[in-house]
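An overview of the molecular structure
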Amino acid sequence: MITRGVLSGTDPAAKGYDHPTAGCSCAALGSCPYDSQPRDTKGGTECLGTAVFHVADGNLDGLDLSGVDFAFYNQFPSHLSAASDEQAGADALERILVGREGGPFGRLSQFYGEYLGMERAGVSLTDGDKPGFTVEGRTDLSYEPLTGPDGSTTKIKNAMFGFAPEFEVGGTSGRSDAFGLNYEASYRETAQYVFSGEETEGAAQGRA
């Protein structure tokens, strides 16, 4: 187990450590995988989005974060290269999300402009016939995967930017209003992967 200020599962190679599901205002396909100018369904050129994460197994400095769900909101005015439920867990997650603990969020933080802070709210994810996620009083999105001729879900692999080396894409419906960022969702992606401040050599990594 990695213990030096790192978000890590007990087995760094275990599948399903974090399970992000993201919805945003981009018209499918979202622009992050190929680092292009965002485009929404109304002709806008910024990306407003929400990513909800479930920590299947993880810790930071010995603080158990297993079972924690949290949401991450973004406003990307251009392409990327151009520019919780418990208080203790929330503080630890904030350190991770702002990039202080390194790893994929540390790399993503180079693109941050203004950090809008953290608020507490109930976060839930649903599976089944109508999968989606809700951030209490802020965001309510449902989604449906794109499928190929054989009925299997459409996936993107080896994207320029992504929270996982391979992820499923699809459409999203619903609205979000949080931190002054308001949008109608259109695009969605989801995956399972391992996130750590120190990625194990040879383990699958996101390209955040």
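Look up a bit, the structure's there.
Below you will find a few notes about this structure. (Residues numbered from 1 in each chain as written. Predicted model: local features only at pLDDT ≥ 70, side-chain atom pairs only at ≥ 80, totals over all residues. Heavy atoms only, no water.)

**A closer look at the pattern of salt bridges**
Which entries qualify depends on this criterion: Only one rule defines a salt bridge in this text: a Lys or Arg side-chain nitrogen within 4 Å of an Asp or Glu carboxyl oxygen. When a residue's accessible area, from a 1.4 Å probe over protein chains only, is under 20% of the maximum for its type it is buried; when over 50% it is exposed; and in between it is partly exposed.
This model, assessed by the stated rule, comprises five salt bridges. Here Asp61 and Arg95 are joined by a salt bridge, their closest N and O atoms 3.0 Å apart. Given the relative accessible area of 28%, Arg95 is considered partly exposed. What emerges from the salt-bridge pattern is a single network uniting Asp61, Arg95 and Glu101.

**Re the packing of aromatic side chains**
The test is simple: Any pair of Phe, Tyr and Trp rings, taking the six-membered ring for Trp, is counted once the centres come within 6.5 Å. Such a pair is stacked with planes under 30 degrees apart, edge-to-face with planes over 60 apart, and tilted for the rest.
Per the stated rule, a full pass over the model turns up five aromatic pairs. Seen from their ring centres, Phe53 and Phe105 are 5.9 Å apart, and the 55° between their planes marks the pair as tilted. Each member of the pair Phe53 and Phe105 is classed as buried. Each ring, one from Phe72 and one from Tyr112, has its centre 6.4 Å from the other, and the planes form 40°; the classification is tilted. By relative accessible area, which is 29% here, Tyr112 ends up partly exposed. Through a chain of ring-to-ring contacts, three or more aromatic side chains come together here, namely Phe53, Phe70, Phe72, Phe105 and Tyr112.

**Regarding unusual backbone geometry**
Here is the rule we go by: Numbered from the N terminus, helices here are DSSP runs of H or I no shorter than four residues, and strands are runs of E no shorter than two.
Residue Asp61 is not a glycine yet carries a positive backbone phi of 50°. Mapped onto the elements of the fold, Asp61 is located in the loop between strand E3 (59–60) and strand E4 (63–64). The phi angle at Phe179 is positive, at roughly 55°, despite the residue not being glycine. Take Phe179: it is sitting in the loop between strand E10 (166–178) and strand E11 (181–184). In this structure Phe179 comes out as partly exposed when scored by relative accessible area, which is 26%.

**Looking at the pairing of strand E8 (residues 139–145)**
The following threshold applies: In this scheme, strands are said to pair when DSSP sees at least two bridges between them.
As judged from the four bridges shared by strand E7 (residues 132–135) and E8, these two strands associate in the antiparallel manner. Within E8, the residue paired with Phe133 across the bridge is Leu141. Where E7 folds back on E8, the antiparallel hairpin that results is connected by three residues, among which Gly137 adopts a positive phi of roughly 75°.

**Notes on the environment of Leu97**
As a reminder of what qualifies: Here, two residues are considered to be in contact whenever any of their heavy atoms come within 4.5 Å of each other.
Within the secondary structure layout, Leu97 lies in helix H1 (residues 87–97). Overall, the relative accessible area of 6% leaves Leu97 in the buried class. Apart from the residues lying within four places of it in its own chain, the contact partners of Leu97 are Phe70, Phe72, Phe105, Tyr112 and Met118.

**Remarks on the side chain of Ser176**
Definition in use: Polar contact criterion, stated in full: a pair of N or O atoms within 3.5 Å, where within protein one must be able to donate a hydrogen and the other to accept it, and residues adjacent in sequence count only if both atoms are side-chain atoms.
Of note, Ser176 is situated in strand E10. In terms of polar contacts, Ser176 uses its side chain to reach the side chain of Thr139, at 2.7 Å. Among all residues touching Ser176, those that are not within four sequence positions of it are Thr50, Tyr73, Arg138, Thr139, Leu181, Asn182 and Tyr183.

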